[in-house]
Each structure stands twice: as structure tokens, then as C-alpha cells.
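Each chain, written out:
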Amino acid sequence: MSERPFLRMDNIHKSFGEIIVSAGVTLEVEEGEIHSLLGENGAGKSVLMSILCGILSPNSGQIIYKGRPLNIGSPREAIRHRIGMVHQHFMLVPNLTVAENYVLGQGSPLRLIHDMEKVHARIRELSDRYGLGVRPDAVIEDLSVGEQQRVEILKVLYHGTDLLILDEPTAVLTPQETDRLLDLMRGLVKDGKTVIFISHKLDEVMRVSDRISVMRDCRVVHTTRVADTDPRELARLMVGRDVLMELPRAPADPGDVVLSVEGLSCRNDLGLPALRDIGLQVRRGEIVGVAGVSGNGQTELALAIAGLLPIDSGRLALNGRDITGLSPAEINARAFAHIPEDRHKMGILMPLSLAENAILERYDQPPFAARGMLQRRRIAAHTRDLIARFRIKTPDEEERIANLSGGNQQKLVVARELARDPDFILVSQLTRGIDIGAIEFILQEMLKQRDAGRAILLISTELEELFAICDRILVMFHGQILGEVPADRSRLEEVGLLMAGQKAGHVAQEA
Amino acid sequence: MLDILTLGFLATLLGAAWRLATPLIFASIGEVISERAGVLNIGLEGTMLMGAFCGFAASFATGSIPLGLAAGIAAGMAFGLIFAFFTITVKANQIVVGAAINLLGLGLTAFLFRTYYVSTGRGVDIARPVRIPWLSDLPFFGEALFRQNLIVYSTVLVTVLAVILLYRSSFGLTLRAVGDHPKAVDVAGRSVAAYRYGAVLIGTGLAGLGGAFLTLGHSNQFVEGITSGRGFIALAVVVFARWSPVGAFFVSLLFGLFYALQLQLQAQPMLNIPYQAFQALPYLMTIVALIVVGGKSAAPRKLGTPYDER
């Protein structure tokens, strides 16, 4: 510990009712470093930084900044002390321009806005200096996610900052955009600023950090210089045990075509074209991945295949039989399983019990229903069986599913879908928001299903997940499938370029 | 003979339209400001009734129209404060609180009126028409359009002020942000609640003024339910105007035109149509407008949603 740290957060406690979100965190950051906060979802990283920025008030604890105690619980105090944060969910008002967003909340409310030209000029100057390409008169809702993030970063710089906090900034970026961001962070440190970088991606953290603090269960469990550690140790610290980074698997042995999609086009809920002439096939005994930056049509692809989104043109077939235009129930009845992207919206019903959730698609069919009545004992027995097979942590099958962790909720969804003995499994964002232990279990289960001869389509924005279990990867960009890449980690670069909309071919391939 | 198509008829119609639109202009511009901050106040009807009654009562007691108007605004804001406390501080459902405000306004004004004024049978003086030099000398239209009372003229001023407030002031910029992305305002170090209180108070003050116009600039008496649905029509005007103050001004004029047309057509002995059919015109128009405009694409994204700091 240094004598007089730049920033010291001391024994920070915070809870919402009975839910503890910060359990006595102590964190020290030195001036002029890139300090990474590494941890899984729900480890308490964002909460800690929201406290530093005054958005949340801690129940106890103190913050020393530049040698003096910080009056916590006020965003304005943080702004006054030149602490700036780029939030995971952007703090940009969608229907205002970039410049209007920057002057928002500045100065006296009664002031008339007249000197916007000066604001524009300053934004252009700063944007040029850091090579961010931000146009001051652009309206936020017209910008891509990557552009919006640069607008957010520039906003913090515009207000003047010594300490910049970036909350999961790479989650929405392509690998190439991520590289640019990491370069920018190094540039900012050269300019004398201090950066706190929140991430759960080991490789990025190893590449860019000076020091790393690992968070687990709402505590900082370890702080280390990057030179003194390695990814395996960090992963162990994150989850509290060793992680299998590579899942053992046999080469695929694809059989007959199970799902076939031809010339599929459809619109999103705003009536804009979302899918353009999509064609793909999934065979028995293989896992096909669909990669892409989120918002490039993956959601619509899953909905269209599941019969949840009307299609403009194209043909869908399952086991050689046309399923175009069938209702979701009719499609489900044809040995079709669906593990949806957002389990809270589509996968489970939060107020219901595990047992009730376990029969959602079959509650009106034997053996779970007879003569219009639910067969409670059979349902309970079935659910206990699923709980045991998937090692779902719950007191019993009558527990409300809302009380389970994300990982255990997802296990139940997977268990329910697989219990229907499907030929085809449509999976979206399989491991979103769940802990590494559950991720590993579920990924291994998917590989078992593949080896048992089922056809699986896995749509995901997590490349790690795709490379771990897929046999080949299709990359989506602007509603089209831009290319196909074998799921070999050495082809990561290629996938990244396709995700950014660049056709590969001229890319040098590494052995 | 039908004199519907004469220029004189048209001029009278337009003059009446502006006058009849006046309460709608005040209430709908107020509601635009409130909704832009994300607060949907369906309690306009009750708020306007309160403004109409208190304006009448104050003018009755003092004989002063300006004091009456001030009382109307104050009464509106008092109701606004109740609404704001429950919807912003307590975070209760805005529709439920708005409905309660309407019932409260209707019941309270009826009770107070019957208790204190119904037996007097006296009215108050109403604001007198003021000629605008030169403009009122224009042929046909001058006479009809520019011989209104000052309250009617002031609708133009209110519209201009609303535009400046919303689009030219720092307050307005933050207020619009509060309706679309309140968290961004919170992070920028401004109180979302304070801005929403401000927007609601401006909105209900204007609604109170609109109500007071009914008793002090239009008829000289308070009558139970004198607003006859204008508060609800103002809500429709806001949607039709796509949350723009200038739009609210002109859409209100359009609705005023239907009120005026309805009155003028009733006075035409040649038309063999029951007068109730004409009376229904503005309300029919409201339904048509909502169907035609529909959608919510222009609505503030967080309209009707209480802000939760977490």
C-alpha cells in the first residue's frame, strides 16, 4: 500500500434491503495507471463505481480522493472533482444532439442556450485530438452503438476529467473496435489521466492493465500487478476455483439436414428490414454458431425460426417438412426446442414455481394433465428428476423460480427443453448473465446433445462461448450472413473482421 | 337562406374559434410541458374546474379580473402540487392519481359552489374586448379576429414563451431530457424530481388559467362541470400536436373551430339536424384525431413512468 494513494475506497458497504451489493470493499488506485476491475456479472463492479460517482450512496465506508475525503452520494461532487464515468448503459438522451447532451445540466437552468457554436468547436477539437470522429450536430439515436460509446467517452473528456471509469465498454464492440478503445485508453494515460477499466474478459484485461483488482461476491479478493499474474490465476480468483477454458470434444460427425432455412427475409418490430435473404442448414450431430455484434438481426433470426415473427419471404423446413407460417405451438410439437435470448421475458415466468415452469409447453398434455386437471404428483416427480440431473440448486421443486440465481434458472430452461427429446435445438445467448460454473455445465450438456445426434443452432454475441462448442460459425452483419468460418480459435481475427462488415479473403491466416 | 358560405359568417366563425380554443391552448401547452418531462397528467379536467371555480370566486369577492385569473392559476398549481407529490415523491401510478384529481375537482367545485354561490344567482364581470389598432380595421377578419379580450390574445404570448422555455433555455433542454432519459439527468447532477415538479406546476398553472378563462373571459358564471370535457380534449390535442407547443396552439384552434361551427350550425334554422349532433362534433373530432395520429413514436420515451434512482 502506498503512503498517499490517488484514490482509496475504504470498507464500502451497500445493500438494497436484504440484498448485499457491496460487502466491505477496499480498493486503491494509483495516479496515472490503468487499473482493471475484473469479475463476473454480479460481482459488484458497477455498484462500486456507481458509489464512486455519487449515483448510489453507500451504507458505510469512506472515499479518499487526492488525499482528501470525498463527500459521497452526490453526482455533482464527483463531476466537480473531475471523476467521469462511461456507463454500460449509455447516459445519452436519444433525441438530442451530441452537443445538447454535453451541455445538459450545465450552468444555470435559467440561462438561454445561445453559444452552441463554441460548444461545437470544442467538441470538434477534442474529437480530432483523440481521433474519435464525433460530429457535434449528430442526433444520438442515429448513431451506432460503437459511435455512441465514443460520444460518451468524449462527453467525459469534454467536462474535464482526471479519473475516467469505463464500465464494460467492450461488451458492445467488435474485436477491431475493442483494439481502438484499448489504444485510446493508453493514450489517455499518457495525457496524465487515470483509468479504471471494468471488464469480465481476461484477455483484454491482461493486454491493457497496469494493475488488476479481482472482485468476487461483492468484495475485492485480490489486487496484483499484471506482470505478476496470468489468466489462469485470474480466472481462478474470479470463480474461486480452476476453470476449464477448453472443453474436450470429439470432431463432429454431421448427418442428415434437420433445419433448413432458404431465402428468409423479415422486418423488425419497427417495420424496418431486419433479415435479408438468409440461408442456412443445420445437420444432425453438429452445432452451428451465429456470431455478430448485437443488433445485426440475430434476435429476429431466432424469432423467425421459432415462428414468433412473421416473415416476408423464404422457406423454413424441419426434418424435410415445411414449417413456414406455422404457429409457435405447432413448431414446438415437431421436436423443436427453443432456449430464448431473454429468459425473463420468454423463458420462464418469474412468479411461478420451478415445477410450474418445468411444464410450460406441455401443461395441457399427458402425463401432466388428465381430464383438464393438472397431475401434481407427476409434475413434481418430473421436476425433481430435472433438478437432480442438472444439479439445480433449490430447496425443492415448489420454490419460486425468481428466488434462484440466473445460472440455476437457465439450467431449468435447458433441462425443460431437452426433456422434450427434440431433434433441433434453437439456442440464443445461452450463457448470458450466469456464473462460470453454470456456463461450463450447460456448454458440456450441449456437447452431449450434439454427440447424441441432435442438431443445434447457437446464436450468441460471446465469441468465447461460440468457439468453445461450435463446429462452424456463421457471422451476421446488417441482417445478412456475411461468411462462414470453422470454429477454430486461430480464425478469431477473421470472425472479428466479418463482424465489422468486412469480407475476409485477403486476411492473412495464422497457423 | 343559408348564409354559411358568406365571408361574414366565416370571419365570425374564426373569431369564435380562437375564443373557444383559448382554454384548450392554455391547458394543452401546459400538458405538453408536463408530458415532455415524462409526467402524464390526466387530471387536467379536474384542475381546470378548480381554476374555473377559484377564478370565479376570487373575482366575485374582489371584483378584479386579474386577481381572479391569479387565483385560477394558483388553484391549478395547488392541484398540481397534490398530483406531483403522489406521482413523483410517492411514485404512485400517474393515471390513478390523475383520475382521483378529476373526481376531486368535480366534487369539490360542485360542493363549494352549491354551498356558497348557487343562491346568489349573480355573475361576475368578464374581460372586455380590446381592439388592436390597425389590425382590427382590416375588412371582415379585423372586426372578428381582433376584437377579443386580452386573455385570448395572450395565448400567442404563452405559445411563444413555451417555445423559448422548451427549446431555447437550459431548463427546457434538461426538462426534455428528463422525459426521455431521466437517468442521464441524474448522472449529470440534476434532480429529476425537481424538474418534474417544475413541469407539473407550470402545466397545472396553465390548466388553471384555462379554467379561469371559462368563468372570467367567456361566460360570467360558474356552472357545475363547466369544462365539459375540455381537459380530456386537451390531452388529445397534445397527442395530435406531437408534443409541440406550436402544434398544440394550432390543433387547439382546429378544435375551437369545431366548437364554433357547432354553435353556428345550431343557430341555422334551415338545417333539420338535431342540435345534439352538432354538440358531439368536437368530441367526435377528438376520436378521429386520435385514430388518425395514433402511435406513440413522438411521445417522450419515459412518459408515465416514475423515476427510480436504482
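The model shown is predicted, which means the values in this text are computed figures rather than measured ones.

What follows deals with the overall build of chain A. Scanning chain A from N- to C-terminus turns up 17 helices and 22 strands. Over its C-alpha atoms chain A spans a radius of gyration of 25 Å, differing by no more than 12% from the 24 Å that the globule rule assigns to 511 residues. Its C-alpha atoms put chain A at 70 × 55 × 50 Å along the principal axes. By sequence separation, contacts in chain A at least 24 residues apart represent 66% of the contacts at least 6 residues apart.

Residues and elements named next belong to chain A. The mixed open sheet is built from six strands, whose spatial order is β16-β19-β20-β13-β21-β22. The open sheet is flanked by β16 (336-339) and β22 (480-486), the only strands paired with a single partner. Each strand of the sheet is rotated relative to its neighbour by a mean of 20 degrees, with strand direction disregarded. Where strand β13 (residues 287-291) and strand β21 (residues 472-477) come together, four bridges link them in parallel fashion. Considered in β21, the bridge of V290 is made with L474. Against the sheet, helix α14 (residues 406-418) touches β16 and β19 (424-428), its axis set at about 175 degrees to β16. Here helix α15 (residues 436-451) sits on the sheet in contact with β13, β19 and β20 (455-459), set at roughly 145 degrees to β20.

Turning next to helix α1 (residues 45-52) of chain A. The α-helix winds at 3.6 residues per turn, so residues separated by three or four positions along the chain end up facing the same way. All names here are of chain A. By the criterion of burial, α1 is predominantly enclosed, with eight of the eight residues buried. Buried within α1 we find K45, S46, V47, L48, M49, S50, I51 and L52. Looking at the residues trailing α1, positive phi occurs at G54, about 80 degrees.

The subject of this paragraph is the interface of chain B and chain A. The interface of chain B with chain A comprises 18 residues on the first partner and 21 residues on the second. Of all elements in the fold, only α7 (170-180) and α8 (182-187) of chain B reach the threshold of two or more residues within the side of chain B that touches chain A. Sorting elements by how many residues they give to the side of chain B that touches chain A places α7 of chain B first, with six residues. The residue inventory of the side of chain B that touches chain A, partitioned by class, reads seven nonpolar, five polar and six charged.

Right, let's get into the sheet that holds strand β2 (residues 19-29) of chain A. Residue and element names in this part refer to chain A. On the basis of which strands lie adjacent, the open sheet formed by four strands has the order β2-β1-β4-β5 and antiparallel pairing. Each end of this open sheet is capped by a strand with a single partner; those strands are β2 and β5 (68-69). Here strand β1 (residues 7-16) runs beside β2; their pairing, made up of eight bridges, is antiparallel. Looking at β2, one finds that F16 is bridged to I19.

Another aspect to go through is the domain arrangement of chain A. Residue and element names in this part refer to chain A. Taken domain by domain, chain A consists of domain 1 (7-239) and domain 2 (257-347 + 421-499). Between domain 1 and domain 2, the contact holds eight residues from the first and nine residues from the second. For the side of domain 1 that touches domain 2, the per-class residue count stands at four nonpolar, three polar and one charged.

So, about the pairing of β13 of chain A. Residue and element names in this part refer to chain A. With five of five residues buried, β13 is to be regarded as a mostly interior element. Neither face of β13 is exposed, since I287, G289 and A291 on one face and V288 and V290 on the opposite face are all buried. As defined by bridge partners, β13 adjoins β20 across four bridges and the pair is classed as parallel. Residue pairing for β20: G289 is matched across the bridge by L458.

Criteria and cut-off values
Residues numbered from 1 in each chain as written. Chains lettered and ligands numbered in written order. Predicted model: local features only at pLDDT ≥ 70, side-chain atom pairs only at ≥ 80, totals over all residues. Helix = DSSP H or I, 4+ residues; strand = E, 2+ residues; numbered from the N terminus. Rg over C-alpha atoms; globule rule 2.2 N^0.38 Å. Contact = placed C-beta atoms within 7 Å. Pairing = 2+ DSSP bridges. Axes fitted to C-alpha atoms, helices over the stretch in contact; angles between N-to-C directions. Buried ≥ 20, exposed ≤ 12 C-beta atoms within 10 Å, placed from the backbone. Nonpolar A, V, L, I, M, F, W, Y, C, P; charged D, E, K, R; others polar. Domains from an automatic or database assignment.

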